[in-house]
Amino acid sequence: MTSASMFTEEQEKFAVDQSKFLDEDCNEGICPACGRKSLRTYAYHTENRVRKSVVTYMWCFSCRKMKTWLGADAIGVAFSDPLGNYSLAERKEMESDIEAFLHRLDQLWSSGELPQKKLH
Ligand SMILES: [Zn+2]
C-alpha cells in the first residue's frame, strides 16, 4: 500500500473545490492526484481555541494523498461524528499515526458511519 503523503499546492486547491463534504447525493470527489473518484473528507469541531474551529481531513482512498487543516467553523451546520466521543487528547493520540488514522476512517466509511451527515 502506498503511504500517505500530502497533495501538492495545486492539487490542494482542486481537492478543496472537489470536496463533497455533507453532499447527500455523492460523497466522494475526484482526486486531483490520481483522477479516481475516491476523494473523501472527514471533519470535526474542536473547541480548544477561543473561536470554534473545524479540523478537516481530506484524503484519497486510492492513492493516499491527503491534506489536513484547521480552520474557522465555516461549515456552520451540525454534523454527525462517529469519533465524537473521543476527547481532544485522545484524538491527538489517534491522529499522531496518520496512516492508522486514515485506515480507521476508511473502515468507518466501509461500515457506513462515514461520510458524515447533517444533523437537524
Ligand atoms: Zn488519488
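Not measured: the values here are computed from a predicted model. (Residues numbered from 1 in each chain as written. Predicted model: local features only at pLDDT ≥ 70, side-chain atom pairs only at ≥ 80, totals over all residues.)

1. Examining the overall build of the protein chain
Basically, it comes down to this: Segments assigned H or I by DSSP are reported as helices when at least four residues long, segments assigned E as strands when at least two residues long, and all are numbered from the N terminus. Here the globule rule is a power law, 2.2 Å times the number of residues to the power 0.38, and the radius of gyration is based on C-alpha atoms. As a rule, residues whose C-beta atom has 12 or fewer other C-beta atoms within 10 Å are exposed, those with 20 or more are buried, and those in between are partly exposed; C-beta atoms are placed from the backbone. Note that contacts rest on C-beta atoms placed from the backbone: two residues are in contact if these are within 7 Å.
Each helix and strand counted, the protein chain has three helices and four strands in total. Of the regular secondary structure in the protein chain, the N- to C-terminal order runs β-α-β-β-β-α-α. Relative to the 2.2 N^0.38 estimate, which gives 14 Å for 120 residues, the radius of gyration of the protein chain is 14 Å and therefore close to what a compact globule would have. Expressed as lengths along the three principal axes of its C-alpha atoms, the size of the protein chain is roughly 35 × 30 × 30 Å. Looking at the protein chain as a whole, 18% of its 120 residues are labelled buried. Sequence separation of at least 24 residues holds for 49% of the intrachain contacts in the protein chain that already meet a minimum separation of 6.

2. Side note on the nonpolar core
Stated formally: Put simply, a nonpolar core is buried Ala, Val, Leu, Ile, Met, Phe, Trp, Tyr and Cys residues tied into one set by C-beta atoms within 7 Å.
Counting residues in hydrophobic clusters, the biggest one holds 14 residues, and the most contacted among them are Leu-39, Met-58, Trp-59, Met-66, Leu-102 and Leu-105. Contributing elements (two or more residues each) for this core: strand S2 (39–46), strand S3 (53–60) and helix H3 (98–110). Among residues more than four places away in sequence, those in contact with Leu-105 are Tyr-42 and Leu-114.

3. As for the sheet that holds S3
Using the following cut-off: Strand pairing is defined by DSSP finding a minimum of two bridges between the two strands.
The four strands lie next to each other as S1-S4-S3-S2, forming an open sheet whose pairing is mixed. At either end of the open sheet lies a strand with only one pairing partner, and these are strand S1 (5–6) and S2. Note that S3 and strand S4 (residues 65–72) share seven bridges and pair antiparallel. Paired with Met-58 across the bridge in S4 is Lys-67.

4. A word on the pairing of S4
The side chains of a regular strand alternate, residue by residue, between the two faces of the sheet. Where S1 and S4 come together, two bridges link them in parallel fashion. Across the sheet, Ser-5 pairs through a bridge with Lys-65, a residue of S4. Count of turn residues in the S3/S4 antiparallel hairpin: four residues, of which Arg-64 carries a positive phi of about 70 degrees.

5. Considerations on the confidence of the model for the protein chain
Fine structural detail should not be taken from predicted coordinates in areas where pLDDT scores are low. Rule in force here: The predictor reports its confidence for every residue as pLDDT, a score running from 0 up to 100.
Mean pLDDT for the protein chain: 89, with 96% of residues reaching 70 or above. No element of the protein chain has a lower mean pLDDT than helix H1 (residues 9–18), at 85, and none a higher one than H3, at 96.

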